[in-house]
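Chain by chain, the residues run as shown.
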Amino acid sequence: MSRTRIKKRKSIQTKLMVYVWVCVIPLIILVTFALIRMYGYYQDYDRLVRNITSANEYNMSFKESMDETMYRIITGSANWTDPEEKLMSDDPKALIKNATEHFEDLRKKTTEDNVEADLDQLLKLLSILDERVDDILKNVEEGGHYDENMELLDFNIRTLTSLIQEDIQVYIRDEATNMELLRREVASSLLTTTRVLVISLVVAIIIIYVLSRRLSKSITEPVTELVDMTERFAGGDFSVAYHIESHDEMEVLANSFNSMVKEIETLVNDIHKEQENAREAELRLLQEQINPHFLYNTLDAIIWMTEAGETRDAISMTQELSNFFRISLSKGKGEITIKNEMEHIKSYLEIQHYRYRDIMDYEIDFDEDILGCYIQKLTLQPIVENALYHGVKNKRGVGHIKVTGRAEGDNIVLITEDDGIGMKEEELERLRSLIKGDIEDDTQDGFGMANVEKRIEMQYGPEYGITVESEYQKGTVVRVLIPRVESVGQDSDEKKK
């Protein structure tokens, strides 16, 4: 039985691997071909850039260096006749030799006819220049011939260096033209390669679909009966039992299914009880989050504004109320973006600002890079509400509420500050105990924050949650620490690591 099961499992694994490689290998070949081709283009482009750069150095310095060196030798400021005093920088033959070797090397590497012609002409001029330099150097070594040498310098050397400089510029221009042609070829090749890859991807998807259908059919047919049993079980029939003697994974699965049915049957009553408790907790949470008094007071304020002719404020307040409840519901989603959470508390504070504009002001400041991260819905609203009703409203004069959001490494810190009445030490300790669940809340004042703490700890772990600092007559600071979650459903255990 064990050998049969192992053999069956291996055949399925082999089939899977064959299907995978049938789809993957052609894509690997195409990608490899594209990379090799792009690398070839890169080498050609790099060669052109190097050639142009090196030629440009001669274009900028060769004529000036050559003319100046020959002038110094003719006038005697550079001692050519004494080998011990002669400097390498004053050697025109070395300049010509270096230039000739450099352009001969370029000539060997080039494959373009126009560039070959440019370099042939350039090397020919360098050869003529070398001969004319020999004539002047011979005269200098003999002594005298100053006027003759100056005439050779003006009509031969400078003319030849000018022609060489012009030929270098022609060479640079032709190489730049070749570079532009290469750029066009790369663009065209890239477009063609992209089309081929897209077509290949579509074909691969079709092949994968066909193969997956065949594979699925070959694997799922033996489990059809088990699926029927599972559906009956899901409908509440705990008398189902699946028996098969296939001596493979299906027999193991059938035995596991039968054991599972028996175990689940004994747990159904406990699950129903837990579901009832969960529904009660959820209802209590919704009642706390959507305070009817807040809705009634807001609607009364809108009516009062409308009757008073303050239609713009009434419209704005209605829009904020609509946005508040839209985000509160969020189509049943448990997690929303921090941007939506920020908009939610903004709507809440803006509504309250209409009602308490004489005693309350607020500020919201969130970093842009955390707005796309996700957070449990209605995390900040209970905290902000607590800052308003238990902080700012109990203070004389205008109170200020500030809500900020910052990234700290792999975590996010959300801070709610108010300069309200604050709390005495015993009040602060009681609130901390309520938040941590160490004591029960008889007054319901701390339920909202305790609920937020519990939800954060359940999803992310005990190292995350709420911390409260407060000083009587100065204000309160509430910090919420959560992991940075980039997408919905991200593994919270992974975030904690």
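The structure contained in this document is the topic of the report that follows. (Residues numbered from 1 in each chain as written. Predicted model: local features only at pLDDT ≥ 70, side-chain atom pairs only at ≥ 80, totals over all residues. Heavy atoms only, no water.)

At their nearest, the axes of helix 2 (residues 92-109) and helix 3 (residues 113-142) sit 10 Å apart, and the two run at 165° to each other. On the basis of the axis angle, helix 2 is roughly antiparallel to helix 3. In this structure, helix 2 meets helix 3 at a crossing whose hand is left-handed. Contact residues: P92, K93, I96, A99, T100, F103, E104, L106 and R107 in helix 2; E116, L119, D120, L122, L123, L126, L129, D130, V133, D134 and L137 in helix 3. (Axes fitted to C-alpha atoms, helices over the stretch in contact; angles between N-to-C directions. Helix = DSSP H or I, 4+ residues; strand = E, 2+ residues; numbered from the N terminus. Parallel < 35°, antiparallel > 145°, perpendicular 65-115°, else oblique. Left-handed = near helix turned anticlockwise from the far one by under 90°. Contact = heavy atoms within 4.5 Å.)

For the structure on display, the rule yields 19 salt bridges. Among the ionic pairs, E180 bridges to R184, the shortest N-O distance being 3.1 Å. Remark: R184 and E180 occur in helix 4 (residues 146-220); sequence separation between them is four residues, near one turn of the helix. One salt bridge connects R432 with E429, and the closest N-O pair in it is separated by 3.0 Å. (Salt bridge = Lys/Arg side-chain N within 4 Å of Asp/Glu carboxyl O.)

So, about the sheet that holds strand 5 (residues 411-418). Strand order in the open sheet formed by five strands is 2-4-5-7-6, and the pairing between neighbours is mixed. Every interior strand has two partners, whereas the edge strands, strand 2 (360-366) and strand 6 (465-471), have only one. Across the sheet, the mean angle separating the axes of adjacent strands is 10° when strand polarity is ignored. Along the sheet face, helix 9 (residues 338-355) touches strand 2, strand 4 (399-408) and strand 5 and points at about 170° away from the line of strand 2. (Pairing = 2+ DSSP bridges.)

This brings us to helix 9. Taking 1.5 Å per residue, 18 residues should reach 26 Å; helix 9 reaches 26 Å between its end C-alpha atoms and fits that length. Those residues of helix 9 not exposed but buried are I338, E341, M342, H344, I345, S347, Y348, L349, E350, I351, Q352 and Y354. (Expected span 1.5 Å × (residues − 1). Buried < 20%, exposed > 50% of the residue type's maximum accessible area, 1.4 Å probe, protein only.)

A word on a negative patch on the surface. A surface patch of like charges, here negative, comprises E141, E142, D147, E148 and E151. Of all elements in the fold, only helix 3 and helix 4 reach the threshold of two or more residues within the negative patch. Counting residues per element, the negative patch draws most heavily on helix 4, at three residues. In this structure, E151 sits in helix 4. The partly exposed category is assigned to E151, whose relative accessible area is 48%. (Patch = residues over 30% accessible without salt bridge, like charges linked within 9 Å, V, L, I, M, F, W, Y side chains within 5 Å. Areas by Shrake-Rupley, 256 points an atom, 1.4 Å probe, with all protein chains shown as cover. Lys, Arg positive; Asp, Glu negative; His and termini not counted. Charge placed at Lys NZ, Arg CZ, Asp CG, Glu CD.)

Moving on, we come to the pairing of strand 7 (residues 475-483). Here strand 5 pairs with strand 7 via eight bridges, running antiparallel. If you follow I415 over to strand 7, its bridge partner there is R479. Where strand 6 folds back onto strand 7 in an antiparallel hairpin, the turn is made up of three residues, including Q473, whose phi is positive at roughly 75°.

Moving on, we come to the packing of helix 9 against helix 10 (residues 381-392). Running from amino to carboxyl end, helix 9 crosses helix 10 at an angle of 25°, the nearest separation of the two axes being 10 Å. Compared by their axis directions, helix 9 and helix 10 come out roughly parallel. Handedness of the helix 9/helix 10 crossing: right-handed. Judged by residue contacts, E341, H344, I345, Y348, L349, Q352 and R355 of helix 9 engage Q381, V384, E385, L388 and Y389 from helix 10. For the contact of helix 9 with helix 10, the per-class residue count stands at six nonpolar, three polar and three charged. (Nonpolar A, V, L, I, M, F, W, Y, C, P; charged D, E, K, R; others polar.)

Even without a glycine there, the phi angle at L378 is positive, about 60°. Examined against the element boundaries, L378 turns out to sit in the loop between strand 3 (374-376) and helix 10. Classification of L378 as buried rests on a relative accessible area of 2%.

In total, this model carries five aromatic pairs according to the counting rule given. With a centroid separation of 6.5 Å and an interplanar angle of 90°, the aromatic rings of F103 and Y171 are classed as edge-to-face. Taken together, the positions of F103 in helix 2 and Y171 in helix 4 put the pair 68 residues apart, joining distant regions of the chain. Judged by relative accessible area, which is 1%, F103 ranks as buried. Judged by centre distance (5.9 Å) and plane angle (35°), the ring pair of F324 and Y348 falls under tilted. With a gap of 24 residues between them, F324 in helix 8 (residues 311-329) and Y348 in helix 9 connect regions that are remote in the sequence. For Y348, a relative accessible area of 1% puts it in the buried group. Here a set of aromatic residues connected by ring pairs shows up, and it is made of F324, F325 and Y348. Against the face of Y472 rests K424, its NZ or CZ located 5.2 Å from the ring centre. (Phe/Tyr/Trp six-rings, centres within 6.5 Å; stacked < 30°, edge-to-face > 60°. Lys NZ or Arg CZ within 6 Å of the ring centre and 35° of its normal.)

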